[in-house]
Amino acid sequence: MVFSSHLFLFQFLPLALALYYASPRRLRHLTLTGLSYVFYGWANPLFVVLLLASTLVDYVAGLAIAGAWPRGPVRRVDPGAPRSRRQRLALLSSIVTNLSLLGFFKYFNFAVDSFDAVVSALGLPEARIDAVLRVTLPLGISFYTFQSMSYTIDVYRGRVTALGNPIDFACYVSMFPQLVAGPIVRFAEVADQLLGRTHTAEKFARGAALFSLGLAKKVLLANPCGQVADAVFDAGGAAALDAWIGVAAYAFQIYYDFSGYSDMALGLGLMLGFAFPKNFDSPYRSRSITEFWRRWHLSLSFWLRDYLYVPLGGNRRGPLRTYVNLFVVMLLGGLWHGAAWTFVVWGGLHGALLALERWNGRRPVYHRLPAPLQTLATFLLVLVSWVFFRAESLPAAGRFLGAMVGLGEPPPAAPLVHGLVATPYHLGTLLAAAAITWGAPQSWDWTRTLTVPRVAVAGALLVVSMGVLATQAYNPFIYFIF
Amino acid sequence: MTEPRLDRSASSLDAMELSREEQARRELAVTRIAPWLARATLAGFVGVVAAVPVVQVVALVAAAERAGARALAACDLTTGMAAATAGGASSWWQRVRTANRGLLGQLAACEDALEETSPVREWLRPWVQYAMTAIGRAGSEQVHVAPGGWLFFRPDIAHVAGPDLLDAAARRPRIVRETDTPRARDPIPAIVAFRDALARRGLALVLVPTPVKPTVHPERASGREGPAGPLHNRGFDRLLAALGAAGVDVVDVAPALVELAREAPVYLATDTHWRPEAVRAAARTVARRIEALGVLAPRSGAPFVERIAAVEQHGDSVALLGLPPWQTLFPRERVVVRRVSRADGAPWRPDPLAETLVLGDSFTNIYSLGAMGWGEAAGFAEHLALALGRPVDRIAQNADGAHATRDLLARELAAGRDRLAGKRVVVWQFATRELSQGDWRVVPLPEPVAREPRFLVPPAGTSWVATGRIAAMARVPRPGTVPYRDHIAALHLTGLRVPEAGIDDGEALVYVLAMRDNAWTAAAAYTVGDTIRLRLRPWSDVATAYEGISRSELDAPALLSAEPCWGEPMGEGR
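Residues numbered from 1 in each chain as written. Chains lettered and ligands numbered in written order. Predicted model: local features only at pLDDT ≥ 70, side-chain atom pairs only at ≥ 80, totals over all residues. Heavy atoms only, no water.

### Brief notes about the packing of aromatic side chains
Residue and element names in this part refer to chain A.
Point 1. Under the definition given, this model contains 66 aromatic pairs over all chains.
Point 2. Ring geometry for Phe 3 against Phe 39: centres 5.9 Å apart, planes inclined by 45°, an arrangement best described as tilted. Here Phe 39 lies in helix H2 (residues 28-41) and Phe 3 lies in the segment before helix H1 (6-22), a separation of 36 residues in the sequence.
Point 3. A relative accessible area of 0% means that Phe 3 is categorised as buried.
Point 4. Aromatic side chains Phe 8 and Phe 176 sit 6.1 Å apart centroid to centroid with 65° between the ring planes, which places their arrangement in the edge-to-face category. Pair noted here: Phe 8 is in helix H1 and Phe 176 is in the loop between helix H6 (166-174) and helix H7 (187-195), with a separation of 168 residues, a long-range link. For the residue pair Phe 8 and Phe 176, the accessibility class agrees, reading buried in each case.
Point 5. The side chain of Arg 206 reaches across the aromatic face of Trp 444, ending 5.8 Å from its centre. (Phe/Tyr/Trp six-rings, centres within 6.5 Å; stacked < 30°, edge-to-face > 60°. Helix = DSSP H or I, 4+ residues; strand = E, 2+ residues; numbered from the N terminus. Buried < 20%, exposed > 50% of the residue type's maximum accessible area, 1.4 Å probe, protein only. Lys NZ or Arg CZ within 6 Å of the ring centre and 35° of its normal.)

Structure representation (structure tokens):
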């Protein structure tokens, strides 16, 4: 189910709020879990089984680590104490289960296709696997496996106490506001709130305002920008100016799509009494790639730092190892986004730029430029990387980059692509997106103080978005496929 | 209040202080809003999101027709699963997957029904679309609004400007869904197989890939000067070369149309299709090629005549935009058509005894199929007959030109009706967009064998009032998502009772009109398991009027050879 759909907005959401608030307090997590499973199962009922399996394994693993399985009191593990074999096995089973699910469902097709491509290139077509089995990617598996794993790891590290109530844990893993596209809420971030939280009109009002802003970002900005990006990227080629417009449109699409989703998730969380950490911090205002990653998809950045970069040694093993760690983490981060070589290159590019900035004294090579030009340079680097992220294949990315720098003649159909892009509606939306990106306050900050005019603006955006939504068909969020 | 700040001078991965939960908690603590405003915001938000379904429920309850309420029957999720599992599967895993697919289909149908029956959406959509189109030329997901009031079907532009149509990898969809039906994307094997199947019966195939509007009028789509010749997909020339090498006879009418377009537009400004002048020019070009084959019997006299008539109509792209009926942005277009009739004054009809059979899509149907709104008797088949001076048979259906007419032909043969008997030439017309977007599955042509009819059909010229249970129903597209106003869906009825014919337990394959003028009919709300009452007529009695309308069929081999009926809903079954 998609937040920006008629079904969610006008059927699921009112029903969910009514059921949640009508439930006795002790049954609210059960209600929320049931609603979340319906929300998730709507995309594919079979995927619910996977979610349930992952939840069950991690719940039991958490109890086992806490010494409460099969029976016994739940105790927080002493961070300094040695771990028993049972605890290590429990953690390992959680990690292996989650990574196996992720590995199989996300990377099986990719692995088979890559193997076939290699053996074909080597002139050994008879060695091709040509698997009949094609695996359908379960929605949100990258998010909930990471979220679920963070629970067992944090219980193992003694950072949090394991949950004794399976419903509370299932509620944490499946909570529909952030289930399919994040933010990746770590258990430590909501543990207290799962045990007790307040429901106030103030929270709800801010949630409603954030949700409205997020919906507007998605419907009014991301979707039209996406039409431009699709027109240019899906074409066989484009003129240089259109290529730049196309990649800029994609940059705005992915930002407003994902940050809009995150705002809606945060808003829905607040309506249900939860406070989730924010996921974006005006990333396109960054002056370096290092800063970009401190502002873009924060929940993933933090997850990768705490569960991958630090265990790899972080910056504790000398400069060279630090560069390698940065590169490897971003490479795997790229692969987390999608099972394709384009994502690997995207991650590698960011890893290389992070390592370069680290080598350069944690500054970009263009740090002597005036601040606005540093922001511009960083944005250009991010744009180039988005080409790999969006392109269908590496050769397609190469052709697109070539078009951006004017290599080769534009194809005969280039004017058609320009015709699709150069409408007042689309160009106006791109300008509005740029103005908001670099000139407007963040929705997080803007909703900190809600006055009558601000509530009126949020309300108007909600109504306008609903109106525009009526003219749009299926419009899934980009991160749903990751 | 001091907010926790992240140290921006540090590296992204190793120096951030993780205090996100604390940050979130503190952040919420500083939300400033007057208590009354908070309550008003809460009430306003809940009011807005709850008002839409409340209005929907009230409207459905108040509706005199129960079409809306029946539409929501699509949300009875057990029916899809039951239908999906009815066929029987070999293993438990297969049964689970089949049931899951059925459930998924039912969920999608339910979501469509909820959206389509929302009065608020129905009221809002035309106004918002009008404002966006008038102010910003926004268009829709299906329609590009070009300068000068020209409308283009976006899939047409995607075909022309998109990846090489022979590059299967580039055209593979980014997301594969559980319910997706696998498509054969390479047109060459299907075309060659069809040519070979016809050749085995001694028939020649003439392929007529019909250029889509951006191929002939790219300058109208972009507002910039276009190339001197036709603007094809980058793989089109290689496709022609490959088909030529395989011995397939292809008539590319695009150069003739571009030549004609130097004088005046040859495509409708607000419609996906060509103008009558283009139909005529293409028919003449194809007729010359057929004559050159030298396989037709000599003509005798001039069996057809033409007379001029004017037709005024809004194009299909205007309907796809979903603008309000009072809109003035896109006026009706007026065309002069040349209606073909027999020399004795009788209207032109497809002739099953003709030596030439035309398989065509909506480019064949326009100016011929009355339901399209552009008049009758002036379509491609009619003008081909006129140019050949000989009768022509026709099987045409809007949409899915890559396979729909081959499927229909195969179905006719499987039912024992030899539509290829006496034929010398088959002209296969389809829109070029199909080359990159169509399903190019190979369709075997069975030998026509007379069969004992298993499915009930009223005798010709009569009708029955029948009651039956829906065992299967083909999917109906959502209005506004396909470039056609009307759509027919197939039903498999079982337990059929026809008191007047003494039938107590029969079965029938029934076609019903599920979409008319871009709105679902009551029949669209049928779901598997419903017991319905219909007036049934033989399909052959109504085929002339309805055969060209796009149609979704049931994917069941047993139904392939069934003689269909035409069904008109008569209210509840019980």
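### What to know about the interface of chain B and chain A
Accessible area lost upon the coming together of the parts is a frequently used measure of interface size.
Point 1. With 81 residues of chain B at the contact, the number on the chain A side is 94 residues.
Point 2. Taking both sides of the interface into account, the surface hidden between chain B and chain A amounts to around 8,000 Å²; carbon and sulfur atoms contribute 64%.
Point 3. Linking chain B with chain A are zero salt bridges, by the criterion used here.
Point 4. Between the two partners, chain B and chain A, sit 11 residue pairs in polar contact (both at pLDDT 80 or more).
Point 5. Going through the elements one at a time, helix H1 (20-29), strand S1 (32-33), helix H2 (35-62), helix H5 (92-116), helix H6 (119-136), helix H7 (154-161) and helix H10 (218-222) of chain B are the ones with two or more residues in the side of chain B that touches chain A.
Point 6. Among the elements that make up the side of chain B that touches chain A, the one with the highest residue count is H2 of chain B (15 residues).
Point 7. Across the side of chain B that touches chain A, the residue classes tally to 43 nonpolar, 14 polar and 24 charged. (Contact = heavy atoms within 4.5 Å. Buried area = accessible area lost by both parts, 1.4 Å probe. Salt bridge = Lys/Arg side-chain N within 4 Å of Asp/Glu carboxyl O. Polar contact = N/O pair within 3.5 Å; in protein donor to acceptor, adjacent residues only side chain to side chain. Nonpolar A, V, L, I, M, F, W, Y, C, P; charged D, E, K, R; others polar.)

### Digging into the layout of surface pockets
Residue and element names in this part refer to chain B.
Point 1. Of the volumes computed, that of the second largest pocket is approximately 820 Å³.
Point 2. As for the second largest pocket, its lining consists of 35 residues, and the residues nearest its centre are Pro 350, Arg 394, Ala 543, Thr 544 and Glu 547.
Point 3. Contributions of two or more residues to the lining of the second largest pocket are made by strand S9 (392-396), helix H17 (404-414) and helix H19 (539-546).
Point 4. The element contributing the most residues to the lining of the second largest pocket is H19, with five residues.
Point 5. When grouped by side-chain class, the residues that make up the lining of the second largest pocket number 15 nonpolar, six polar and 14 charged. (1 Å grid on protein atoms, 1.4 Å probe; cavity = no way out; pocket = protein on both sides within 12 Å on 5 of 7 lines; lining within 4 Å. Points joined across faces, edges and corners; volume = space filled by probe spheres on them.)

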